[in-house]
Amino acid sequence: MTSLPQVAPRIAKLTALSLGVALLATACGGSSTPSSTGSSSAAAAGIACPAPSASGAGTTAATAGGSVPASATTTETPLKIGSLLPTTGSLAFLGPPEIAGVNLGIKEINDAGGVLGKPVEVIHRDSGDTKTDIATQSTTALLGQGVSAIVGAASSGVSKTVINQITGAGVVQFSPANTSPDFTAWDDKGLYWRTAPSDVLQGKVLGNYMATCGAQTVGMIVLNDAYGTGLAKNVKSAFEAAGGKVVAEELFNEGDSQFSSQVDKVLAAKPDAIALITFDQAKSIVPLMTGKGVKPTQLFMVDGNMSDYSKDFQPGTLKGAQGTIPGTFAKDDFKKKLLAIDPALKDYSYAGESYDAANLIALAAEAAKSTKGVDIAAHLKDVSEGGEKCNTFPSCITLLRNGKDIDYDGQSGPVSFSDAGDPTEAYIGIYEFQDDNTYKAVKEEFGKL
């Protein structure tokens, strides 16, 4: 077997990020100097990432004091929210935490008396992936049932197939996980929103982080869709701005099942590190890589493939591999609430973003005194900035019904929207795989767009 070349760890040449992104390391202090406490296997591969600290960052949940006042306005048409989240397809592993986040939000909203005097109804439908037309069928069904807002899709590629159908019907589309920069300028009539930051931010964090780990050259295997190519572009830009070089970039299409050609071409370039920008195709690609001598400490993954691989790989297969997921770390109290909703949960990716989407939709409906999609959209920015801070539905709705302006910050971190419906600031979490092929939090990076 062949291994990738050894290089001496170095202090990464970090530059000020372009496109208005300002990054501040939180949990680890942002050191760009490789730590001497790095694992021996990482050092052997020429990769020595900054040592993590035990602390984390992010928000903690606040609770409302006292009882929630009744709404002064009632509605004859109760708020109805649909979800378009994956239970099948290449992102099916993201469905359970996203659905649990929505359900937890709806439960807390209804426990506090609902919206405009009525309980909120939620209807779940599968989004599938871009290999099928499940999303179109599900969207048609949700619109036929009179939803005012749809939480989803998870996949940027899937959202592109239904965004015009949803927004054209005057319904809010609110994705907890779309990261393609394409949506920023989409003609969505002001009805498309998201709690996940554009991949401009995740790409900057991952590209710079690989540089801080000592990599001077990177190879990439990239899903050829809006998500994959958009993220890869920003990873490459950041890594090269930090003094590195992308020496190979191999694409594949959704539905492909053979990846030997892409793997061989990337390994032929002898990169120090390899970025896998994929969905669940990583289950096939990782064994091909490690079988040819690639050390797991040389692998860097992304939100589309950061998952529990304990049942897929032999112990140690991914030990030391790292990856990024937009959003702050899920805190223990939030995990406990999610597990009460779905005891089978193993991943928590985008649960916070989904929870926040449900809360923001409900708060905007209350602020608008209407359950119409266009009215809700007109108040989403209002309830997320400029007022008194709150981060649960009971605490926020209490302030709102007492005539106060509110500024909702949730489980995904600070929430402030641009006029295009994008988050203007966010955390990106960095995670490391353990011997059992599950991952744990390492550090967080905070950035503004």
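In this text the structure is predicted, and so the values were computed from the model without any measurement.

### A few points about the nonpolar core
Met 220, Ile 277, Met 289, Phe 300 and Leu 318 are the most contacted members of the largest nonpolar core, which has 64 residues in total. For Met 289, the residues in contact, after removing those within four places along its chain, are Ile 221, Val 263, Leu 267, Ile 274, Leu 276 and Val 294. Counting 47 residues, the second-largest nonpolar core is a separate cluster that includes Ala 100, Val 102, Val 120 and Leu 363.

### What to know about the environment of Ala 48
Counting through the fold element by element, Ala 48 comes out in the loop between helix H1 (40-44) and strand S2 (80-85). For the pair Ala 48 and Gly 214, spaced 166 residues apart in sequence, the C-alpha to C-alpha distance is 6.2 Å.

### Side note on the pattern of salt bridges
Enumeration over the complete set of coordinates arrives at 14 salt bridges. Between Glu 121 and Lys 80 there is a salt bridge whose closest N-O contact spans 4.0 Å. Of this pair, Glu 121 sits in strand S3 (residues 121-126) while Lys 80 sits in strand S2, and the two are 41 residues apart along the sequence. According to the relative accessible area criterion, Glu 121 is partly exposed, its value standing at 39%. Bridged by salt links that share partners, the residues Asp 129, Lys 131 and Glu 254 form one connected network.

### Notes on the side chain of Ser 416
Mapped onto the elements, Ser 416 comes out in the loop between strand S13 (406-408) and strand S14 (425-433). For Ser 416, a relative accessible area of 15% translates into the label buried. Apart from residues no more than four positions distant in its own chain, Ser 416 is found in contact with Ser 384, Asp 422, Pro 423, Thr 424 and Glu 425.

### Some details on the pairing of strand S11 (residues 322-326)
Counted residue by residue, S11 has five buried out of five residues, so it is predominantly covered. Every second residue of S11 is oriented toward a common face, with Gln 322, Thr 324 and Pro 326 on one face and Gly 323 and Ile 325 on the other, all of them buried. Judged from the two bridges that link them, strand S10 (residues 299-301) and S11 form a sheet pairing that is parallel. Note that in S11 the partner of Phe 300 across the bridge is Gln 322. Examined bridge by bridge, S11 and S14 share five bridges and lie antiparallel to one another.

### Topic: the sheet that holds S2
Strand order in the open sheet made by the five strands is S3-S2-S4-S5-S6, with parallel pairing throughout. Two strands lie at the open edges of the sheet, namely S3 and strand S6 (192-194), each paired on one side alone. Mean inter-strand twist for the sheet, computed between neighbouring axes without regard to direction, equals 20°. The pairing of S2 with strand S4 (residues 149-152) spans four bridges and is parallel.

### Re the pairing of strand S15 (residues 439-448)
Two faces belong to every sheet, and in a regular strand the side chains alternate between them. Burial analysis of S15 places seven of its 10 residues in the buried class, which makes it a mostly covered element. Direction of pairing for S14 relative to S15: antiparallel, over a ladder of nine bridges. Each bridged residue has a counterpart across the sheet, and for Gly 429 the counterpart in S15 is Glu 444.

### What about helix H10 (residues 351-368)?
Look at H10: 26 Å from first C-alpha to last across 18 residues, which is about the 26 Å you get at 1.5 Å a residue. The buried count for H10 comes to 17 of 18 residues, which makes it a mostly enclosed element. Lys 369 lies just past H10 and shows a positive phi near 55°.

### Focus: the confidence of the model for the protein
Across the protein, the average pLDDT comes to 89, with 86% of residues at or above 70. Across residues 1-44 the pLDDT falls below 50, and counting only partners more than four positions away or on other chains, this stretch makes 110 contacts in the model.

### Description of the packing of aromatic side chains
Evaluated as defined, the whole model comprises 14 aromatic pairs. Ring geometry for Phe 252 against Phe 259: centres 5.2 Å apart, planes inclined by 85°, an arrangement best described as edge-to-face. A single burial state applies to Phe 252 and to Phe 259, both of which are buried.

### Let's talk about the state of the cysteines
Inspection of every chain in the model, using the stated rule, returns two disulfides. Disulfide pairing places Cys 49 opposite Cys 213 at an S-S distance of 2.0 Å. Because the torsion about its S-S bond is 110°, the bridge between Cys 49 and Cys 213 counts as right-handed. With Cys 49 in the loop between H1 and S2 and Cys 213 in the loop between helix H5 (199-212) and strand S7 (217-223), this residue pair connects regions lying 164 residues apart in the sequence. For the pair formed by Cys 49 and Cys 213, the shared burial category is buried.

### Re unusual backbone geometry
Residues Gly 152 and Ala 153 are joined by a peptide bond in cis, for which omega reads -5°. Here Ala 153 lies in the loop between S4 and helix H4 (156-168). One non-glycine residue with positive phi stands out, namely Leu 116, at about 55°. Mapped onto the secondary structure, Leu 116 falls in the loop between helix H2 (95-111) and S3. We note that Asn 437 has phi near 70°; this positive angle belongs to a residue other than glycine. Tracing the chain through its elements places Asn 437 in the loop between S14 and S15.

Cut-off values and rules
Residues numbered from 1 in each chain as written. Predicted model: local features only at pLDDT ≥ 70, side-chain atom pairs only at ≥ 80, totals over all residues. Heavy atoms only, no water. Core = buried A, V, L, I, M, F, W, Y, C linked by side-chain atoms within 4.5 Å. Buried < 20%, exposed > 50% of the residue type's maximum accessible area, 1.4 Å probe, protein only. Contact = heavy atoms within 4.5 Å. Helix = DSSP H or I, 4+ residues; strand = E, 2+ residues; numbered from the N terminus. Salt bridge = Lys/Arg side-chain N within 4 Å of Asp/Glu carboxyl O. Pairing = 2+ DSSP bridges. Axes fitted to C-alpha atoms, helices over the stretch in contact; angles between N-to-C directions. Expected span 1.5 Å × (residues − 1). pLDDT = per-residue confidence, 0-100. Phe/Tyr/Trp six-rings, centres within 6.5 Å; stacked < 30°, edge-to-face > 60°. Disulfide = S-S within 2.5 Å.

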